[in-house]
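Per-entry structural report
Chain residues, written in single-letter form:
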Amino acid sequence: MEERVPNKGRKIFFIGLPDNFLPDDMLAVFLEYGYETYRLIYNGLETELVARLSLILNLYENSIFFFYVDAHLYSLGWNVIIQGILKDYADKVSIGIVYNDRLNAEENKKLEHAYKGLGLENSTFLSMNHNKQGNFNKILATLQQSDARGNRSVVRAVCNGRSTCQLAMSLNKYEQGEIKDISVSHFSCMFQQPTFKLPPYPPVRRVQVQLYGLLFEAGCKCLTTRETSAGMLYVFAFFRHDGKPGLADDTRWKLLKKIYQILSDQLENYLQSVFYIMRKYKSQFPDDFTTVSKTLAELRGEPIDAKE
């Protein structure tokens, strides 16, 4: 099964962590640092949570899971879920533990000791409180000390034909393009019938971008072109109106939040589409890690190598 969310860096999931400790706006800020983060909400269906975690690790190896172990579970314990992951996916995932700060350091150590006994001796343990900026700083420091970006430094959103740009090439000359992907520093696009010729690559004083309902203007400059099977791809860098690279601060923040929303929606839609296929071809929704691995392998047409 081909991955539809094209970022090849590591994906970071906060599982069960409520937004009163780390709101979505702060998750979007991680994009500034090149970290691709997601919130995975526990909705009370433990079998679906287990299946989602297994599916994510089949699709995105080398992911990072931060478990908020103070989220209430109805039947399974977080220790059971974590042991299941370590049994089947120890070589595909890094696990961190997030928990409410206890009354004293001794209570914190007691909780950490219990999870270290599951095989998490070298894992990260982060105590959270209602100081959201402090929580963010703790997590950021942890990510910076590890290889949490993977093999990319900039997180991009793929636009899937729903975003456009209009370049003002001169006073009365405009070029309409379709944006293919975008970050806070660059975007790529295609033009159906461009009337300009490149190189040379003169700066464009104004580009109007329409991105999933977000509308903004900036300057830009074409950096390069690349021939693809779908046609010529143009890669542009954003420039501020004062000539400095990048976007104005308010525009940059709006774009960061939009990219975070796009990535989250795309991942959720992709997982839901895979779940639909699995439900369609299986009479019972799989409720353990090994079963999900087998099901996904069957759908891919791959040999099944069960991890018993």
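In what follows, the structure referred to is the one given above.
What this report covers is the structure whose coordinates are included nearby. (Residues numbered from 1 in each chain as written. Predicted model: local features only at pLDDT ≥ 70, side-chain atom pairs only at ≥ 80, totals over all residues. Heavy atoms only, no water.)

Bringing the pairing of strand β3 (residues 63-68) into the picture now. Among the six residues of β3, six are classified as buried, and the element is accordingly described as predominantly covered. Across the two faces of β3 the burial is the same, with Ser63, Phe65 and Phe67 and Ile64, Phe66 and Tyr68 all buried. Both strand β1 (residues 11-15) and β3 contribute to a ladder of four bridges, which runs parallel. When the bridges of β3 are listed, Phe14 appears paired with Phe66. Examined bridge by bridge, β3 and strand β4 (residues 93-100) share six bridges and lie parallel to one another. Within β4, the position partnered with Tyr68 by the bridge is Val98. As a crossover connection, the stretch from β3 through helix α3 (residues 78-89) into β4 is right-handed. (Buried < 20%, exposed > 50% of the residue type's maximum accessible area, 1.4 Å probe, protein only. Helix = DSSP H or I, 4+ residues; strand = E, 2+ residues; numbered from the N terminus. Pairing = 2+ DSSP bridges. Right-handed = clockwise from strand over helix to strand, strands pointing away.)

The side chains of a regular strand alternate between the sheet's two faces. Counted residue by residue, strand β9 (residues 186-191) has five buried out of six residues, so it is predominantly covered. Here strand β8 (residues 173-182) pairs with β9 via five bridges, running antiparallel. Paired with Gly177 across the two strands is Phe191, which belongs to β9. Between β8 and the antiparallel strand that follows it, β9, lie three residues. Pairing between β9 and strand β12 (residues 231-239): four bridges, direction antiparallel. Looking at β12, one finds that Phe187 is bridged to Phe236.

Bringing helix α4 (residues 105-116) into the picture now. With twelve residues, α4 extends 16 Å from end C-alpha to end C-alpha; this agrees with the ideal 16 Å at 1.5 Å per step. Looking only at α4, the buried set comprises Asn108, Leu111, Glu112 and Tyr115. Relative to the axis of α4, the buried residues are bounded by an arc of 95° and lie together on one face. The outward face of α4, more than 90 degrees from its buried face, is lined by the exposed residues Glu106, Lys109, Lys110 and His113. Against α3, β4 and β5 (124-128) lie the buried residues of α4. Where α4 begins, the capping side chain belongs to Asn104, and its oxygen is found 3.1 Å from the backbone nitrogen of Glu106. (Expected span 1.5 Å × (residues − 1). Arc of directions from axis to C-beta. Contact = heavy atoms within 4.5 Å. Polar contact = N/O pair within 3.5 Å; in protein donor to acceptor, adjacent residues only side chain to side chain.)

Its place among the elements puts Glu36 in strand β2 (residues 36-40). Polar side-chain contacts of Glu36 include one of 3.4 Å to the side chain of Lys11.

It is worth spelling out the environment of Lys109 at this point. Tracing the chain through its elements places Lys109 in helix α4. As for Lys109 and Phe125, which are separated by 16 residues in sequence, their C-alpha atoms are 9.7 Å apart.

Once that is clear, we can look at the sheet that holds β2. The sheet built from five strands is open, its strands ordered β2-β1-β3-β4-β5 with parallel pairing. For this open sheet the edge positions go to β2 and β5, each flanked by a neighbour on one side alone. Recorded for the sheet is a direction-independent mean angle of 20° between the axes of neighbouring strands. Across the sheet, α4 touches β4 and β5, and the angle it forms with β4 is around 155°. (Axes fitted to C-alpha atoms, helices over the stretch in contact; angles between N-to-C directions.)

Another aspect to go through is the nonpolar core. Grouped burial of nonpolar side chains is what soluble globular proteins tend to show. In terms of nonpolar packing, the biggest core is built from 92 residues, with Phe67, Ile97 and Ile182 touching the most fellow members. The residues contacting Phe67, other than those within four sequence positions of it, are Ile15, Leu53, Trp78, Ile81, Ile82, Ile85, Ile95, Gly96, Ile97 and Val98. (Core = buried A, V, L, I, M, F, W, Y, C linked by side-chain atoms within 4.5 Å.)

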